[in-house]
Amino acid sequence: MAGSKEIRTKIKSVENTRKITKAMEMVAASKMRKAQDRMRASRPYAEKIRNVAAHLSFAQSEYKHAFLVKRDAVKNVGLIVMSSDKGLCGGLNTNVLRLSVNQMKTWESEGKKIAVSAIGNKGFSFMTRVGADVKSHITGLGDVPHLENLIGAIKVMLDAYTAGEIDQLYICYTKFINTMKQEPIMQQLLPLGGEQLGSAKGHWDYIYEPEAKPVIDELMTRYVESLIYNAVAENMASEQSSRMVAMKSASDNAKNVIGELKLVYNKARQAAITKEISEIVGGAAAVS
Amino acid sequence: MANTIHIDVVSAEASIFSGEAEFVVAPASAGEVGIYPNHAPLITTIKPGALRVKIPGEEEEQVIFISGGILEVQPSVITVLADTAIRGHDLDEAKAIAAKEAAEEAMKNRTSDMDYAKAQAELAEAVAQIQAIQRLRKTTH
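Residues numbered from 1 in each chain as written. Chains lettered and ligands numbered in written order. Predicted model: local features only at pLDDT ≥ 70, side-chain atom pairs only at ≥ 80, totals over all residues. Heavy atoms only, no water.

J.: I tried to follow the packing of helix α5 (residues 147–162) of chain A against helix α1 (residues 89–107) of chain B on my own but got confused; where do I start?
T.: Each pair of packed helices can be summarised by the angle the axes make with each other and by the distance between the axes. Taken N-terminus to C-terminus, the directions of α5 of chain A and α1 of chain B make an angle of 80°; their axes are 8 Å apart at the nearest point. Judged by the inter-axis angle, α5 of chain A sits roughly perpendicular to α1 of chain B. Every residue of α1 of chain B that contacts α5 of chain A at E148, I151, G152, A153, K155, V156 and D159 of chain A is listed here: D92, E93, K95, A96, A99 and K100 of chain B. (Axes fitted to C-alpha atoms, helices over the stretch in contact; angles between N-to-C directions. Helix = DSSP H or I, 4+ residues; strand = E, 2+ residues; numbered from the N terminus. Parallel < 35°, antiparallel > 145°, perpendicular 65-115°, else oblique. Contact = heavy atoms within 4.5 Å.)

J.: Whenever I open this one, the interface of chain B and chain A confuses me. Can you help?
T.: Reports of interface size often rely on the accessible area that becomes lost once the parts have come together. Taken together, the 55 residues of chain B in the interface contact 59 residues of chain A. In this assembly, chain B packs against chain A so that about 4900 Å² is buried in total across both faces, 64% of it on carbon and sulfur atoms. Three residues, E13, I43 and Y116 of chain B, lead the burial of chain B against chain A; their summed loss comes to 14% of the area buried on that side. At the junction of chain B with chain A, the criterion picks out 4 salt bridges. Of the charged contacts, one joins E93 of chain B and K155 of chain A as a salt bridge, the two residues approaching to 3.9 Å between their closest N and O atoms. For the interface between chain B and chain A, the tally reads 12 residue pairs in polar contact (both at pLDDT 80 or more). Of all the secondary structure elements, the ones that give two or more residues to the side of chain B that touches chain A are β1 (5–11), β5 (42–54), β6 (62–74), β7 (77–82), α1 and α2 (116–140) of chain B. Examining the composition of the side of chain B that touches chain A, we find that 11 residues originate from one element, α2 of chain B, more than from any other. A per-class count over the side of chain B that touches chain A returns 27 nonpolar, 13 polar and 15 charged. Relative to β5 of chain B, strand β6 (residues 207–209) of chain A runs parallel, the two being bridged by 3 bridges. In the sheet register, I207 of chain A faces β5 of chain B, and the bridge partner there is L42 of chain B. (Buried area = accessible area lost by both parts, 1.4 Å probe. Salt bridge = Lys/Arg side-chain N within 4 Å of Asp/Glu carboxyl O. Polar contact = N/O pair within 3.5 Å; in protein donor to acceptor, adjacent residues only side chain to side chain. Nonpolar A, V, L, I, M, F, W, Y, C, P; charged D, E, K, R; others polar. Pairing = 2+ DSSP bridges.)

J.: Teacher, can you tell me more about the pattern of salt bridges here?
T.: When charged atoms on two side chains of opposite charge get close, those side chains can pair. Residue and element names in this part refer to chain A. Taken as a whole, this structure holds 19 salt bridges over all chains when the rule is applied. Here E25 makes a salt bridge to K22, at a shortest N to O gap of 3.9 Å. Taken as a pair, E25 and K22 lie in helix α1 (residues 4–41) at a separation of 3 residues, close to a single helical turn. For E25, a relative accessible area of 13% translates into the label buried. (Buried < 20%, exposed > 50% of the residue type's maximum accessible area, 1.4 Å probe, protein only.)

J.: Would you mind showing me how to read the environment of V224 of chain A here?
T.: Residues and elements named next belong to chain A. For V224, the location among the structural elements is in helix α7 (residues 212–287). Take V224: its relative accessible area is 0%, and that puts it in the buried class. Considered as a pair, V224 and L92 are 132 residues apart in the sequence and their alpha carbons are 24 Å apart. What V224 contacts, discounting residues up to four positions off in sequence, is F67, L158, L189 and L190.

J.: Would you mind going over the environment of E148 of chain A with me for this structure?
T.: Along the chain, E148 of chain A falls in helix α5. Judged by its relative accessible area of 40%, E148 of chain A is partly exposed. Those residues in contact with E148 of chain A that sit more than four places away from it in its chain are A85 and K95 of chain B.

J.: What exactly am I supposed to notice about unusual backbone geometry here?
T.: Excluding glycine, residues mostly have negative phi values, and the peptide bonds linking residues are mostly trans. Residue L190 of chain A is joined to P191 of chain A through a cis peptide bond whose omega torsion reads -10°. Along the chain, P191 of chain A turns up in the loop between β5 (181–190) and α6 (194–197). A cis amide bond links E209 of chain A to the next residue, P210 of chain A, at an omega of 0°. If you trace the backbone, P210 of chain A turns up in the loop between β6 and α7. Here L88 of chain A, not a glycine, exhibits a phi torsion of approximately 55°, which is positive. Tracing the sequence through the fold places L88 of chain A in the loop between β1 (76–82) and α3 (92–109). Residue L88 of chain A is classed as exposed on the basis of its relative accessible area, which comes to 55%. We note that N38 of chain B has phi near 65°; this positive angle belongs to a residue other than glycine. Relative to the elements of secondary structure, N38 of chain B occurs in the loop between β4 (31–35) and β5.

J.: I tried to follow the pairing of β1 of chain B on my own but got confused; where do I start?
T.: Side-chain direction in a regular strand flips from residue to residue, so the side chains alternate between the two faces of the sheet. Residue and element names in this part refer to chain B. Counting buried positions over the 7 residues of β1 gives 6, a clear majority of the element. Between β1 and strand β2 (residues 15–21), which pair antiparallel one after the other, the connecting turn spans 3 residues. One ladder, built from 6 bridges, connects β1 with β7; its direction is parallel. When the sheet's bridge partners are listed, D8 is paired in β7 with T79.

J.: Help me understand a nonpolar patch on the surface, please; the structure alone is not making it clear to me.
T.: Together, I273, I277 and V281 of chain A make up an exposed nonpolar region whose accessible area comes to about 260 Å². Note on placement: V281 of chain A falls in helix α7. (Patch = residues over 30% accessible without salt bridge, like charges linked within 9 Å, V, L, I, M, F, W, Y side chains within 5 Å. Areas by Shrake-Rupley, 256 points an atom, 1.4 Å probe, with all protein chains shown as cover.)

J.: Teacher, can you tell me more about helix α2 (residues 43–58) of chain A here?
T.: An α-helical turn contains 3.6 residues, so a residue and the one three or four places further along point in the same direction. Its 16 residues place the ends of α2 of chain A 23 Å apart at the C-alpha level, agreeing with the 22 Å of an ideal helix rising 1.5 Å per residue. Considered for burial, the residues of α2 of chain A that qualify are Y45, A46, I49, V52, A53, A54, H55, L56 and S57 of chain A. (Expected span 1.5 Å × (residues − 1).)

J.: Even after reading the chapter, I still don't get the nonpolar core, so can you show me in this structure?
T.: Note on soluble globular proteins: their nonpolar side chains tend to be buried together. Core analysis: the largest hydrophobic core is formed by 52 residues, its most contacted members being I80, M82, L190 and I228 of chain A. Elements with a contribution of two residues or more to this core: α2, β1, β2 (113–119), α5, β4 (168–178), β5 and α7 of chain A together with α1 of chain B. The biggest single contributor to this core is α7 of chain A, with 12 residues. Ignoring sequence-local partners within four residues, the contact set of M82 of chain A consists of V96, I119, I171, C172, Y173, I228, A231, V232 and N235 of chain A. Core analysis: the next-biggest nonpolar cluster, separate from the first, contains 24 residues, A118, M127, V130 and A132 of chain A among them. (Core = buried A, V, L, I, M, F, W, Y, C linked by side-chain atoms within 4.5 Å.)

J.: What is the right way to read the sheet that holds β5 of chain A from this model?
T.: In sheet architecture, strand pairing relies on hydrogen bonds along the backbone and comes in two forms, parallel and antiparallel. Residues and elements named next belong to chain A. Across the sheet, which stays open at both edges, the 5 strands sit in the order β3-β2-β1-β4-β5 with mixed pairing between neighbours. Single-partner strands in this sheet number two, and they are β3 (134–138) and β5. Here the average twist between neighbouring strands, direction ignored, is 20°. When β1 meets β4, the two strands line up parallel, connected through 5 bridges. Along β4, the bridge assignment pairs G78 with L169.

Dropping the structure here:
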């Protein structure tokens, strides 16, 4: 009965793998639901702050914030790349990084310098490995994104923008469309375009307390932070659903492999039995 | 028509409160402000503290603690954009410096400039792997 023991061990090992991928699939499914809830929970704030920022940008205030002013010559570009901390989530990180690298190559060919901020372990280690200029990074965000952890790295980029070290700021992340579909997208954060803010109705200005400048400064920073936070929340939902799908297909594959191995095993067993019977029959024939 | 104003208290991570109010007191950075319906448009930063909301038909005022943020007032609606963390110029600055240092530390090992060929090759390999797996999956079904 040659090889049947090996096949048995193999089946056992694939079964064990399947147990793990199945468990990971279920964990990802439950995390995905929570991540989606968080993604939705961050929307009201984003909408409100967007409305306020829209009003502000159209109100006749004597102070125009740097984030709203378009610069004529773009020499330096900032890019925030969002990836996951852990792997085993299909093509999620690869797609985001590929989009980023292609865009960076285009910028480079236009003679623009690129500063990168990496959120997530995968993107960070990739960017350092290939030698990008990483200005700031955040790793180990966990399952629940907290704005508090993002502030530092975001501020590095925003300060660079205000100081004129970068003239444009982009963000690249995976947009969550639905459980089965996530798309990597590249979005311009700064300067804030008119289309991002929409148009305000009427002409009126606020009473600023204490003054226009500090209030507008704070509001604009919050606004950009909320955009980035939203992207992080969306990226996490994408990560979990992408992992769920990847693990589901891994489990299905394991199931197929087990089926095929069982077939081979049974064939080997049957062959051994047939051989034994024919030997007995042959032996009996020789005796009589 | 009841003389009330709609108030929304939202933070980046969650929606905290939403409803009608007769009167609102907020801890603005220049001192506490009280807002009745039909207030002139106002925008101000707020300090960490208690936001008091008088809800019609209720004896007690609702108290919401917020760790700072921005208050926007329009005649019929108040929006409180609450912070989720204690913020301050120095605190933010310290965080930015820490982030910068961490990045510089990590960049020490960088030997050359951005190597696009290497990056693209690496990604192409990863994509090819994923596609191969998908193709394999289709043929086995």
